[in-house]
Amino acid sequence: MSLLHIITVPDPVLKQTAHSIENISAQIKQQAADMIETMYEAPGIGLAANQVGVLNRMFVMDTNYRKEKTSRNPIVMINPEIIWKSEDLSVMEEGCLSIPQQYADVERPKSVRVKYINLNGEIVEFVGEDLASHCIQHELDHLNGILFIDYLSRLKRNMILRKVEKMKKDGIIL
Ligand SMILES: [Zn+2]
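Residues numbered from 1 in each chain as written. Predicted model: local features only at pLDDT ≥ 70, side-chain atom pairs only at ≥ 80, totals over all residues.

Undergrad: Would you mind showing me how to read the overall build of the chain here?
TA: Helix and strand counts for the chain come out as three helices and seven strands. Walking the chain from its N terminus toward its C terminus, one meets helices and strands in the order α-β-β-β-β-β-β-β-α-α. Projecting the C-alpha coordinates of the chain onto the three principal axes gives extents of approximately 45 × 40 × 35 Å. A separation of at least 24 residues holds for 63% of the contacts in the chain among residues at least 6 apart in sequence. (Helix = DSSP H or I, 4+ residues; strand = E, 2+ residues; numbered from the N terminus. Contact = placed C-beta atoms within 7 Å.)

What follows is the structure, given as C-alpha cells:
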C-alpha cells in the first residue's frame, strides 16, 4: 500500500465528473487500499477518487473513525447511486481534505439509501443517517465535481478559497 497525494482546491480535477468502473481489477483493489490508507493517515472520514487525481467512481469512508481510532471499518463504494433520500434534513458542519482546515454548515437529507458495488463485485444497499448520510452525499458529490463549498454563498465560498490559497502561499499546506 502507499499513501497518495491529496489534491486541494482550486485544482480542476475536483470539478470533473468521474467515470463508472467497469470491472474490479487488481488495479482498482490497489486504488481502494491506497485510498483507505490515505484517508486514515490524513486523517479523514471519507475520500473520493477525484481527490487523489483518479477520475473513476469510487470513494472510501469510515464515519466511526473519529470516535474510535482503534477499530477501523472502512467501506469502499464503487459506482454509488443514491436511490432514496429522506425528506427530513439535517445541518452539519462539514470539512474536506481537499479544502484543508475550512468548515461550514451544510444542509442535506438526514438519511439516504445508497446502492453501490463492493470490492467483491456484489451489489450492496446501505442506509446512512446523520454523519454517514452527510459523508455519503459529500463523497458522491466529489465524483460529480461538486464540493461542499458549492452549497455556500459566493461570498463565503470565495473567502474559504482565498484562505486556502494563502495557506498554500505561506507553505502551511501543500
Ligand atoms: Zn471532500
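Undergrad: I'm lost on the pairing of strand S2 (residues 58–61) in this one. Help?
TA: The side chains of a regular strand alternate between both faces of the sheet. Of the two faces of S2, the one carrying Met58 and Val60 and the one carrying Phe59 and Met61 are both buried. Looking at chain direction, strand S1 (residues 46–48) and S2 are connected through three bridges and run antiparallel. Counted as the bridge partner of leucine 47 is valine 60 from S2. The pairing of S2 with strand S3 (residues 75–85) spans four bridges and is classified as antiparallel. If you follow methionine 61 over to S3, its bridge partner there is isoleucine 75. (Buried ≥ 20, exposed ≤ 12 C-beta atoms within 10 Å, placed from the backbone. Pairing = 2+ DSSP bridges.)

Undergrad: I tried to follow the nonpolar core on my own but got confused; where do I start?
TA: For soluble globular proteins, nonpolar side chains are generally found buried alongside one another. Counting residues in each nonpolar core, the largest one holds 28 residues, and the members touching the most others are Ala49, Met58, Phe59, Val60, Val76 and Met77. Within the residue set of this core, elements represented by two or more residues are helix H1 (26–41), S1, S2, S3, strand S6 (111–117) and helix H2 (131–143). In terms of residues, this core owes the most to one element, H2, which gives five residues. Core analysis: the second largest hydrophobic core is formed by nine residues, Cys96, Ile99, Leu147 and Val164 among them. (Core = buried A, V, L, I, M, F, W, Y, C linked by C-beta atoms within 7 Å.)

Undergrad: Can you help me understand the pairing of S6 in this one?
TA: Examined bridge by bridge, S3 and S6 share five bridges and lie antiparallel to one another. Bridging across to S6, isoleucine 78 finds its partner in isoleucine 117. Note: S6 against strand S7 (residues 123–129), seven bridges, orientation antiparallel. Across the sheet, residue valine 112 finds its bridge partner in S7, namely glycine 128. Counted along the chain from S6 to the antiparallel partner S7, the turn is five residues long, and its residue glycine 121 has a positive phi close to 80°.

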